[in-house]
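Coordinate analysis (summary)
Residues per chain are reported as follows:
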Number of protein chains: 2
Amino acid sequence: MNNQYVIGYATTKFGELWDLSLYDLVQQVTGALLEKTKLEAGMIDAVFYGNMLGGIVENNLHSGAKLAELLGTHAPVYRIEAACASGGMAFHLASMYLTAHPESTVMVVGAEKMTDVSPAEITKALQSAASGEEQLAGLTFPGLYGMLARVYMDAYNYTEEHLAYAPVKNHFHATRNPSAQFQREVSLEQVLKSPYIASPLKVLDSSPISDGAAAVLITNRESLKNKGKAAKISATEVATDSISIKHRSRLDTLEATVIAAKKAFKKARLTTTDIAVAEVHDCFSIAELLAMEDLGFWEKGEAGARIAAGETRIDHGGPLVVNTSGGLKASGHPVGATGIKQIGELYLQLTGQGGARQVANAAHGLAHNVGGSGGTAVVTILSQS
Amino acid sequence: MNNQYVIGYATTKFGELWDLSLYDLVQQVTGALLEKTKLEAGMIDAVFYGNMLGGIVENNLHSGAKLAELLGTHAPVYRIEAACASGGMAFHLASMYLTAHPESTVMVVGAEKMTDVSPAEITKALQSAASGEEQLAGLTFPGLYGMLARVYMDAYNYTEEHLAYAPVKNHFHATRNPSAQFQREVSLEQVLKSPYIASPLKVLDSSPISDGAAAVLITNRESLKNKGKAAKISATEVATDSISIKHRSRLDTLEATVIAAKKAFKKARLTTTDIAVAEVHDCFSIAELLAMEDLGFWEKGEAGARIAAGETRIDHGGPLVVNTSGGLKASGHPVGATGIKQIGELYLQLTGQGGARQVANAAHGLAHNVGGSGGTAVVTILSQS
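Quick caveat: nothing in here was measured; it's all calculated off a predicted structure.

Criteria and cut-off values
Residues numbered from 1 in each chain as written. Chains lettered and ligands numbered in written order. Predicted model: local features only at pLDDT ≥ 70, side-chain atom pairs only at ≥ 80, totals over all residues. Heavy atoms only, no water. Contact = heavy atoms within 4.5 Å. Buried area = accessible area lost by both parts, 1.4 Å probe. Salt bridge = Lys/Arg side-chain N within 4 Å of Asp/Glu carboxyl O. Polar contact = N/O pair within 3.5 Å; in protein donor to acceptor, adjacent residues only side chain to side chain. Helix = DSSP H or I, 4+ residues; strand = E, 2+ residues; numbered from the N terminus. Nonpolar A, V, L, I, M, F, W, Y, C, P; charged D, E, K, R; others polar. 1 Å grid on protein atoms, 1.4 Å probe; cavity = no way out; pocket = protein on both sides within 12 Å on 5 of 7 lines; lining within 4 Å. Points joined across faces, edges and corners; volume = space filled by probe spheres on them. Phe/Tyr/Trp six-rings, centres within 6.5 Å; stacked < 30°, edge-to-face > 60°. Buried < 20%, exposed > 50% of the residue type's maximum accessible area, 1.4 Å probe, protein only. Lys NZ or Arg CZ within 6 Å of the ring centre and 35° of its normal.

Before going further, it helps to spend a moment on the interface of chain B and chain A. At the interface, 54 residues of chain B touch 54 residues of chain A. Summed over both sides, the interface between chain B and chain A buries roughly 4,100 Å², with carbon and sulfur atoms accounting for 57% of that surface. Looking only at chain B, the three residues that lose the most surface to chain A are N59, H62 and H74 of chain B, adding up to 20% of its buried area. The residue R79 of chain A makes a salt bridge to E81 of chain B at a minimum N-O spacing of 2.8 Å. At the junction of chain B with chain A, the criterion picks out 28 residue pairs in polar contact (both at pLDDT 80 or more). If you list the elements that add at least two residues to the side of chain B that touches chain A, you get helix 2 (54–58), helix 3 (63–71), strand 3 (77–80), helix 4 (86–100), helix 5 (119–127), helix 6 (132–136), strand 8 (231–240) and helix 11 (255–268) of chain B. The element that contributes the greatest number of residues to the side of chain B that touches chain A is helix 4 of chain B, accounting for seven residues. Classifying every residue of the side of chain B that touches chain A gives 25 nonpolar, 20 polar and nine charged.

A word on empty space enclosed by the protein. Within the structure shown, the criterion is met by eight cavities of 30 Å³ or more. In this structure, the largest cavity occupies an estimated 60 Å³ of space. As for the largest cavity, its lining consists of M52, G55, I56, L61 and R79 of chain A together with M52, G55, I56, L61 and R79 of chain B. For the lining of the largest cavity, the secondary-structure elements that each account for two or more residues are helix 2 (54–58) of chain A together with helix 2 of chain B.

Turning next to the packing of aromatic side chains. Applying the stated rule across the entire model yields ten aromatic pairs over all chains. Ring geometry for Y152 of chain A versus Y158 of chain A: centroids 5.7 Å apart, planes at 10°, classification stacked. Of the two residues, Y152 of chain A and Y158 of chain A, neither departs from the other in class, the shared state being buried. Both rings, one in Y152 of chain B and one in Y156 of chain B, keep their centres 5.1 Å apart while their planes meet at 55°; by these two values the pair is tilted. Placement of the pair is Y152 of chain B and Y156 of chain B together in helix 7 (residues 141–156), with a separation of four residues, close to one helical turn. Taken together, the aromatic side chains of F48, Y78 and Y97 of chain A make up a single cluster linked through ring pairs. For the cation-ring pair, R313 of chain A lies above F172 of chain A, with the distance from its terminal atom to the ring centre recorded as 4.4 Å.

Dropping the structure here:
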């Protein structure tokens, strides 16, 4: 891996964007990114595009060529799908492109349009990230994560209240993120009184259905890096696990996250104590608890108590703030865009562009993007350049 | 690009495989490949998986994790979708992985299951490779390629008979390929008398709906390369074009093919006269004519006459034999598998394993895989190692 940098980030608002199509979102975000970085599409050597549901929801595949059309390029455009890790995976492969191609510049775009179909249709489409047997059994993702939550709570004597502190924190952070879907706080009581979706998980334990797009520019050209604000890519690693949870030996841990994190820290030559900001994959509140332990920040079983104690809130004073963007829960979860938004949030934090949610003196940040119930995990570490 | 080699190939039979699911096919082909190469799944550093339609046809995404489950691995598994170029694109990115990772071994799998839904459903699913406007206009791929055929025939004074020689040749070649879907000859008269699908294209101008899977192993480990038969990867390049044909300046050429081929020949430091065997993307007969010209083998407008003269038949005596596998037309076109089968066919030819369809003294081979109506093209060149 040569020296690689994130040199720009753009995002649309995340939310229910009724008046914008999937490709309106892509066009808006790629245009904004080129404007911010003062680059032209012709200077981009390749594009990686993370999108999960375009095929199922809109009968829309071959989106590499669609992006080529929108950008007016003949350069390679790669569409990457890894369920909810599509964005992180697109970034990971884009970094691989830079490793393989000296002196190049790559755009990474993530986008998803989820509100153009009914709730039942989008729930079924999202189920596509589960195994065939799980789908036949009627398991949706709230059901799958609900089972993980039950196992975790039983193993470490936690209550639903311990889960609820994660969304409370993330909604608080989102009040400081103008692109977030929900820029309002929720109280612990509101989370606990919200209706069950799949016990013990409730509506306010769950990330929403969202539209949105995010994009970053990465390069290994030192000349481009020196033109504006840049963050260094220290590592981006992927691991997989069985798609079906029935094939796993434990359900209180996502092994793909454990493996990807170990690889990433080794590659970056850093440890968990070096990380000042992290964006972790809180598709459901339990997922943030598991992530904190699986990434190695805390011991197994500690997350329930430590998140409840407010250790990772921005008003706690460090040493680690988690999901300054608001996380999937409050920033929104347009699936293909999520992994790119996480990287973009780290870029803002590491370059002092975090605005009201800036974490002071952040030298290193970690992004954690998960596919399905943990069948894929991408862990990326960025550093001040 | 370091020295990279194809060191093994396996394929299922292509055809209407009613008794096998998509993942049965994947399991069959990956098992056969590991057995042939005497490797274990644990020795594979990464897997690239080309599949187009799993999401739409079977609500089946996140197949990277499904393959991880089938192979019992935690290694990265990347699912790549680029319409009918999904297989070629997976191979291209797998080669990029080797460039970025010295001393590694990668499996590339392509698979598609197309016969589990009705003809109307699979036609609509395939339409997903066209732009939204083209879909709204009711254009299917026979319609799109029919328009290209009409433009080409008008420009160079060709008749439907000139198109028909390509499928006649490819069916002839398929009689020598035991994995081909149609191991029987068709006559010129049969092609010309077959029913129109989208004038001037007829049933026997068109590749079929197929099930099948194909897989190759590639490595940059010299020690592994020396263990068995190997072909060298000399180049694999990608270019894109607008997904909609309305945005193109010419319709008698696929510009993405032209650009990808130029890049590939430059990278490989070879010219068209070095190529003894080629697998080109004959989804419709017109596509083979365009490919021969766009790849640079012949001048614009020559292909109708030269294919009719039998120049690229295996019984012609060279210098270039095209689609020894039977091409998409007669070997079958399980879309995600096609690009990998093309590579595999070159591997067999370059290592003297071509059996009844072996082309003598083939030193270099070219594979050409196209997405949609030409929005994506992948051109790969393999050489004797």
